[in-house]
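Structure assessment
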There are 2 protein chains.
Amino acid sequence: MLKKERQTYILHQVNLHNRVLSADLSQEIKVSEDTIRRDLAELADQGKLIKVHGGALSQGYHFSVHAQQVYALDEKKCIAQKAAKLIQDGMFVLTTGGTTIIELARALPPELKATFFTVSLTAAIEYMQHPNIEIILIGDKLSKNAQITVGGEAQAKIKQIKADICFLGTNAIDITHGLTENDWEVMQIKKAMVTSAQKVVALTIAEKVNTAQRIQVCDIHGIHTLVTELAPESQVLSAYKKQGLEIL
Amino acid sequence: MLKKERQTYILHQVNLHNRVLSADLSQEIKVSEDTIRRDLAELADQGKLIKVHGGALSQGYHFSVHAQQVYALDEKKCIAQKAAKLIQDGMFVLTTGGTTIIELARALPPELKATFFTVSLTAAIEYMQHPNIEIILIGDKLSKNAQITVGGEAQAKIKQIKADICFLGTNAIDITHGLTENDWEVMQIKKAMVTSAQKVVALTIAEKVNTAQRIQVCDIHGIHTLVTELAPESQVLSAYKKQGLEIL
DNA sequence: TGTTTGTTTGCGTTTTTGTGCCGACATTAA
DNA sequence: TTAATGTCGGCACAAAAACGCAAACAAACA
């Protein structure tokens, strides 16, 4: 990775999380902490961030589209970390939108080489930060609620793709009803994704496990892997394990 | 391989991968790294890429989506104000990306009822702020440079639309070469838009009037209306007026 | 045709830059 | 306080860039 690329990446991370640790960055980018420190020093000189003991903070002026506060951010970050490990170089990945998916995008290793198909504007913007990720945006009518594209065109496009893996940000999941939604259009999109992907991964915070909404996307067997912030041994999840789901 | 060929090849690689290494290119093309470096230096001089230690990066990629300060913001706001008046309730509107288009999105009257087709992520996000605007996002491969979707699929979709009006954020315009671009993929998209719309409006700051770039989108007669921050009576614009363009 | 002129390229050599490592020192937390 | 952790400066090494030079080549011209 080139120096400049690295610095852009760092800057992006800083502005995203408002703070970074040298140690973390060093691990992510796989260079010595020394190098990171020097980068931080340079960027600080240019006034692009504020260097502090142990890492750096973002300058206040920096606003971003998704500066909105995310509910249960730490949990989602934890989930994203686990989920990111499922993606390998060269894969075709299909993703929905939602804050958990955004965190997944942020958790991806910077050098990952893969092709991402998405219906989500915000996710696409996150993927853009990764130099080696090719992004295919699936177009159609834009749903202002869900901030994803929905409609027949989008569904048709999704069905044309044979993705290796598909990540679903999940609103509600339980054993009897499976994956459920409360928006018809979103359901259709997710349904299309489930059928197009070899492996279906549902990302959900523990709170939403064992809840249901009105419209079914697919039953519990449509999902292959369930990622939550809980340890896989947790009581709550044993029932899902029994149904043959992989738990992370 | 001729020098020129080599340079176009390099430029192509840069725009494709967002980054190239001198060492790689040297191997691929089988010339010395020295020669590659000289090529990169030339291309960097022409502003077509950014040279860094070890190779080069594409223009724009290293900017983060959100934090960029907009160049000539006041001028662009002025242009946006004028352009917004061209849109009426019920219209089908086609737009590219770029900062001027973003300003246009912000300048739209809040109650406007229309359908917007766009290839730009950032523009789509702006349109979302307007409750009565329906947004159709045109999907395809996402260009990290231009932050718009590009490719055959997108072009085909654009051609299916019969839009009332089309707004082009403009890089360069002059009488003899018409509307020009420096990115092949972007040119294709713009070209598709020009042919699909009843009325073609070019938005450009005065500075870019009477400049040209390498690749032609359409000649001067392909454009119906030119919006700049200057008064329509301005000397600079009289030549365009003579060509039959409406000046705002 | 042969000469001249200018451009382009490759090859050493020297300089600069980027990075990692080490040790002394500073800061933080228990 | 001590122990752990982060920082800073110097050093060393490797990779890349810059520079000068000469060979190769092409174009221009008498």
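Residues numbered from 1 in each chain as written. Chains lettered and ligands numbered in written order. Predicted model: local features only at pLDDT ≥ 70, side-chain atom pairs only at ≥ 80, totals over all residues.

So, about the overall build of chain A. Helix and strand counts for chain A stand at 9 helices and 15 strands. A compact globule built from 248 residues should have a C-alpha radius of gyration of about 18 Å, and chain A, at 19 Å, falls within 12% of that. Dimensions along the principal axes, computed over C-alpha positions, put chain A at roughly 55 × 40 × 30 Å. Buried residues in chain A amount to 46% of all 248 residues. Intrachain contacts of chain A at a sequence separation of at least 6 include 62% that bridge at least 24 residues. (Helix = DSSP H or I, 4+ residues; strand = E, 2+ residues; numbered from the N terminus. Rg over C-alpha atoms; globule rule 2.2 N^0.38 Å. Buried ≥ 20, exposed ≤ 12 C-beta atoms within 10 Å, placed from the backbone. Contact = placed C-beta atoms within 7 Å.)

Our focus in this paragraph is the interface of chain B and chain A. At the junction of the two partners, chain B supplies 28 residues and chain A supplies 29 residues. Contributing elements (two or more residues each) for the side of chain B that touches chain A: β3 (55-58), α6 (121-127), β6 (133-137) and β7 (140-143) of chain B. Residue composition of the side of chain B that touches chain A, by class: 13 nonpolar, 9 polar and 6 charged. Bridge count for strand β6 (residues 133-137) of chain A against β7 of chain B is 2 bridges, and the pairing is antiparallel. For Ile136 of chain A, the partnering residue across the bridge sits in β7 of chain B and is Lys141 of chain B. (Nonpolar A, V, L, I, M, F, W, Y, C, P; charged D, E, K, R; others polar. Pairing = 2+ DSSP bridges.)

This paragraph deals with the protein's contact with DNA strand C. Around DNA strand C, the structure places Lys3, Val31, Ser32, Asp34, Thr35 and His53 of chain A together with Lys3, Val31, Ser32, Asp34, Thr35 and His53 of chain B. The set of elements that each furnish at least two residues to the surface near DNA strand C consists of α3 (33-45) of chain A together with α3 (33-45) of chain B. Split into classes, the residues belonging to the surface near DNA strand C amount to 2 nonpolar, 6 polar and 4 charged. (Near = placed C-beta within 6 Å.)

The next subject is the sheet that holds strand β7 (residues 140-143) of chain A. The mixed open sheet is built from 9 strands, whose spatial order is β8(A)-β7(A)-β6(B)-β5(B)-β4(B)-β9(B)-β12(B)-β14(B)-β15(B). Of all strands in the sheet, those with a lone pairing partner are β8 (148-150) of chain A together with β15 (246-247) of chain B, marking the two edges. Sheet topology note: the strand β4 (residues 92-95) of chain B/strand β5 (residues 114-118) of chain B ladder contains 4 bridges and is parallel. Within the sheet, the bridge partner assigned to Phe92 of chain B lies in β5 of chain B and is Thr115 of chain B. The sheet strands contacting helix α5 (residues 99-107) of chain B are β4, β9 (163-169) and β12 (197-203) of chain B, and the helix crosses β9 of chain B at an angle near 130 degrees. (Axes fitted to C-alpha atoms, helices over the stretch in contact; angles between N-to-C directions.)

All names here are of chain A. Partitioning chain A into domains gives domain 1 (3-58) and domain 2 (73-247). Using C-alpha coordinates to define each centre, domain 1 is positioned 30 Å away from domain 2. Taken together, the contact between domain 1 and domain 2 spans 6 residues of the former and 5 residues of the latter. Where the side of domain 1 that touches domain 2 is concerned, the elements lending two or more residues are α1 (3-17) and α2 (22-29). Looking at the side of domain 1 that touches domain 2, the element that brings in the most residues is α1, giving 4 residues. (Domains from an automatic or database assignment.)

What follows concerns the environment of Gln188 of chain A. Its location among the elements puts Gln188 of chain A in helix α8 (residues 184-196). Each C-alpha atom, one on Gln188 of chain A and one on Ala154 of chain A, is 9.6 Å from the other, the two residues being 34 residues apart in sequence.

Moving on: the protein's contact with DNA strand D. Around DNA strand D, a shell composed of Ser22, Ala23, Arg37, His53 and Gly54 of chain A together with Ser22, Ala23, Glu33, Asp34, Arg37, His53 and Gly54 of chain B is seen. Those elements that place two or more of their residues in the surface near DNA strand D are α2 of chain A together with α2 (22-29) and α3 of chain B. With 3 residues, the single largest contributor to the surface near DNA strand D is α3 of chain B. Across the surface near DNA strand D, the residue classes break down as 2 nonpolar, 6 polar and 4 charged.

Moving on, we come to the UniProt feature "domain: HTH deoR-type" (unreviewed entry) in chain A. Under the present numbering, the feature "domain: HTH deoR-type" (unreviewed entry) in UniProt falls on residues 3-58 of chain A. Overall, residues 3-58 of chain A shows 64% helix and 20% strand. The separation of its end C-alpha atoms is 20 Å. (UniProt positions renumbered as here; feature names shortened; annotations may be inferred.)

Time to look at α8 of chain A. Over its 13 residues, α8 of chain A extends 19 Å from the first C-alpha to the last, a length consistent with the 18 Å expected when each residue adds 1.5 Å. For α8 of chain A, the set of buried residues is Val186, Met187, Ile189, Lys190, Ala192, Met193, Val194 and Ser196 of chain A. (Expected span 1.5 Å × (residues − 1).)

Glancing now at the nonpolar core. Counting residues in each nonpolar core, the largest one holds 120 residues, and the members touching the most others are Ala124, Cys166 and Val201 of chain A together with Cys166 and Val201 of chain B. Ignoring any residue separated from it by four or fewer positions in sequence, one finds Cys166 of chain B in contact with Leu94, Met193, Val194, Ser196, Ala197, Lys199, Val200 and Val201 of chain B. (Core = buried A, V, L, I, M, F, W, Y, C linked by C-beta atoms within 7 Å.)

So, on to helix α4 (residues 73-84) of chain B. All names here are of chain B. The terminal C-alpha atoms of α4 lie 16 Å apart, and with 12 residues this matches the ideal 16 Å at 1.5 Å per residue to within 8%. Three or more residues of α4 are buried, namely Lys76, Ile79, Ala80 and Ala83. All buried residues of α4 fall inside an arc of 105 degrees around its axis, so they share one side. The secondary structure elements touched by the buried residues of α4 are α5, β9, β12 and β14 (225-227). (Arc of directions from axis to C-beta.)

Turning our attention to the environment of Gln155 of chain B. Residue and element names in this part refer to chain B. Along the chain, Gln155 turns up in helix α7 (residues 152-160). As a C-alpha pair, Gln155 and Leu112 span 43 residues in sequence and 27 Å in three-dimensional space. For Gln155, the contacting residues outside a window of four places in its chain are Gln188, Ile189 and Ala192.

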